Structures are given as C-alpha cells and as structure tokens.
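# A structural walkthrough
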Amino acid sequence: MNEPSTVTAEQAEADTRRWLERAVIGLNLCPFAKAVHVRGQIHYAVYLPSDAAELIDALVAEARALHEISGAERDTTLLIAPNTLADFFDFNDFIGRAERRLAREGFEGELQLASFHPHFQFAGTDAGDITNATNRAPYPTLHLLREDSLDRAVEAFPDAEEIFGRNMEKLEALGADGWATLDVGPGAAR
C-alpha cells in the first residue's frame with residue numbers, strides 16, 4: 001500500500017506565495033494584500049502533521065507571536081496546513097472551533113481569522129462554480145489578520161464592501177480555463 005504523499009514546508013510556502021502573487025494580488029482579489037506583501041510583512045508558517053489535533057494549538061501560538069511583534073514588522077500570518085483537513089467540510093467545522101479558541105485566548109477584537117481551502121465552496125453554490133476560487137488556496141490555510149490593520153485598510157478603500165461582488169464578476173469573466181492558466185495549485189511552484 002502506498003503512503004500518501006506529504007508536502008514539505010518549503011513546497012507549501014512556495015506554492016502559497018505563488019498563489020498570493022498570481023491570484024490574490026495579480027487579480028486584485030484583495031486590494032490590501034499587495035502593500036503588506038511588498039513590505040515583507042506577511043509571515044508564512046507551515047503545520048506539517050497529517051493529524052489536525054494540534055493545529056489549533058499551532059494557530060494560537062501564531063496568534064501570540066503576531067500579538068507580540070509590531071505590525072510594522074509583521075502585519076499578518078498565513079498558517080498553511082498542507083497535509084491535513086483535505087475535506088472542506090471538516091475544515092469548515094475546524095474553523096468554527098478555531099475562532100472560538102482564539103476568542104477564549106483573548107484575541108477577539110484584536111485578530112480576525114480568514115480561511116482558504118483548495119475545495120472552498122460558498123453555501124448555495126456548486127463545487128465547480130468559479131466564484132468559489134476567491135477563497136481557494138493550494139492548501140488549507142488559516143489567515144490571521146490584525147483588526148486595526150483591517151480598519152485602516154477599509155478607511156483607505158471606501159468601497160470595501162463591494163470587493164466581494166467585484167471578485168465574483170472578475171472570476172466569472174475569467175472562467176475556469178482562465179483560473180487554470182494562473183497555475184496556482186499544489187506543486188505549481190516546482
């Protein structure tokens with residue numbers, strides 16, 4: 001019997017950077033991402049175990065580290081979990097538990113958790129709906145954001161509430177073939 005292949009930390013980070021640069025920044029899905037990327041304020045952390053049991057602890061550790069460092073040095077953290085939570089619905093359940101744990105640890109009002117998954121699916125959409133790609137990353141990814149940074153970004157971008165709708169329109173215009181040409185899936189950065 002073949003062992004499932006595992007992704008290395010280096011590959012997970014390289015693929016995630018490629019996705020960020022080509023899709024998130026390249027398509028301007030998040031108008032706030034480019035500045036922190038260019039300034040080197042994104043911290044990439046990788047959780048390699050295939051068991052998700054300690055992933056919440058790793059997330060809390062990353063939240064504490066983000067809390068302890070200045071926003072000028074590290075504005076946000078992407079915790080990539082390439083070898084676990086492959087099922088989107090399991091991942092979605094995990095996100096609820098993770099948010100509750102972050103709140104219990106005292107990060108409510110300071111940090112916000114966003115999530116990305118290779119099989120992300122908005123409620124009410126088909127799995128193949130291209131608009132799901134707005135939240136699709138090469139691997140399950142937990143994104144810790146500073147709420148004060150979000151507030152400043154929203155002030156600088158007065159139409160922030162319209163981002164979601166514009167992203168849907170962009171992806172519908174791009175289509176599945178256009179998304180595929182971005183080559184932002186697992187292993188793409190090899």
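Check the entry above for the structure.
Below is a summary of the structure that appears in this document.

What counts, and at which threshold
Residues numbered from 1 in each chain as written. Predicted model: local features only at pLDDT ≥ 70, side-chain atom pairs only at ≥ 80, totals over all residues. Heavy atoms only, no water. Pairing = 2+ DSSP bridges. Helix = DSSP H or I, 4+ residues; strand = E, 2+ residues; numbered from the N terminus. Right-handed = clockwise from strand over helix to strand, strands pointing away. Contact = heavy atoms within 4.5 Å. Axes fitted to C-alpha atoms, helices over the stretch in contact; angles between N-to-C directions. Buried < 20%, exposed > 50% of the residue type's maximum accessible area, 1.4 Å probe, protein only. Core = buried A, V, L, I, M, F, W, Y, C linked by side-chain atoms within 4.5 Å. Parallel < 35°, antiparallel > 145°, perpendicular 65-115°, else oblique. Left-handed = near helix turned anticlockwise from the far one by under 90°. Nonpolar A, V, L, I, M, F, W, Y, C, P; charged D, E, K, R; others polar.

## Quick look at the pairing of strand β1 (residues 42-46)
Note that β1 and strand β2 (residues 76-80) share 5 bridges and pair parallel. Bridging from a neighbouring strand, H43 pairs with T77 of β2. In the classification by handedness, the crossover that spans β1, the intervening helix α3 (residues 55-68) and the parallel β2 is right-handed.

## Some remarks on the environment of N135
In this fold, N135 is placed in the loop between β3 (111-116) and β4 (141-146). The spatial distance from the C-alpha of N135 to the C-alpha of L29 is 9.5 Å, given a sequence separation of 106 residues. Beyond its immediate sequence surroundings of up to four residues, N135 is in contact with S115, F116, H117, F120 and F122.

## Overview of the sheet that holds β1
Taken together, 4 strands build an open sheet; the order of strands is β1-β2-β4-β3 and the sheet is mixed. Looking at strand neighbours, the two that pair on one side only are β1 and β3, the edges of this open sheet. With direction set aside, neighbouring strand axes in the sheet form an average angle of 20°. Looking at chain direction, β3 and β4 are connected through 6 bridges and run antiparallel. For S115, the partnering residue across the bridge sits in β4 and is L142.

## Some points on unusual backbone geometry
Its identity is not glycine, yet N28 carries a phi of approximately 55°, on the positive side. With respect to the helices and strands, N28 occurs in the loop between α1 (9-25) and α2 (33-38). The class for N28 is partly exposed, based on a relative accessible area of 39%.

## Some thoughts on the nonpolar core
Membership of the largest hydrophobic core comes to 26 residues, with the highest contact counts inside it found for L55, L59, F94, L102, L113, L142 and L144. For this core, the elements supplying multiple residues, two or more each, are α3, α4 (88-104), β3 and β4. If sequence neighbours within four positions are ignored, L144 has contacts with L59, E62, A63, L66, T76, T77, L102, L111, Q112 and L113. Listed in part, the 24 residues of the second largest apolar core include V7, I80, F116 and I130.

## Thoughts on the packing of α1 against helix α6 (residues 163-182)
Angle between the axes and distance between the axes: these two values describe a pair of packed helices. Between α1 and α6, whose axes approach to 10 Å, the crossing angle comes to 140°. Comparing their axes, α6 and α1 come out oblique. Where α1 crosses over α6, the two elements pack in a sense that is right-handed. Contacts between α1 and α6 involve W19, R22 and A23 from the first element and W179, T181 and L182 from the second. Looking at side-chain class alone, the contact of α1 with α6 contains 4 nonpolar, 1 polar and 1 charged residues.

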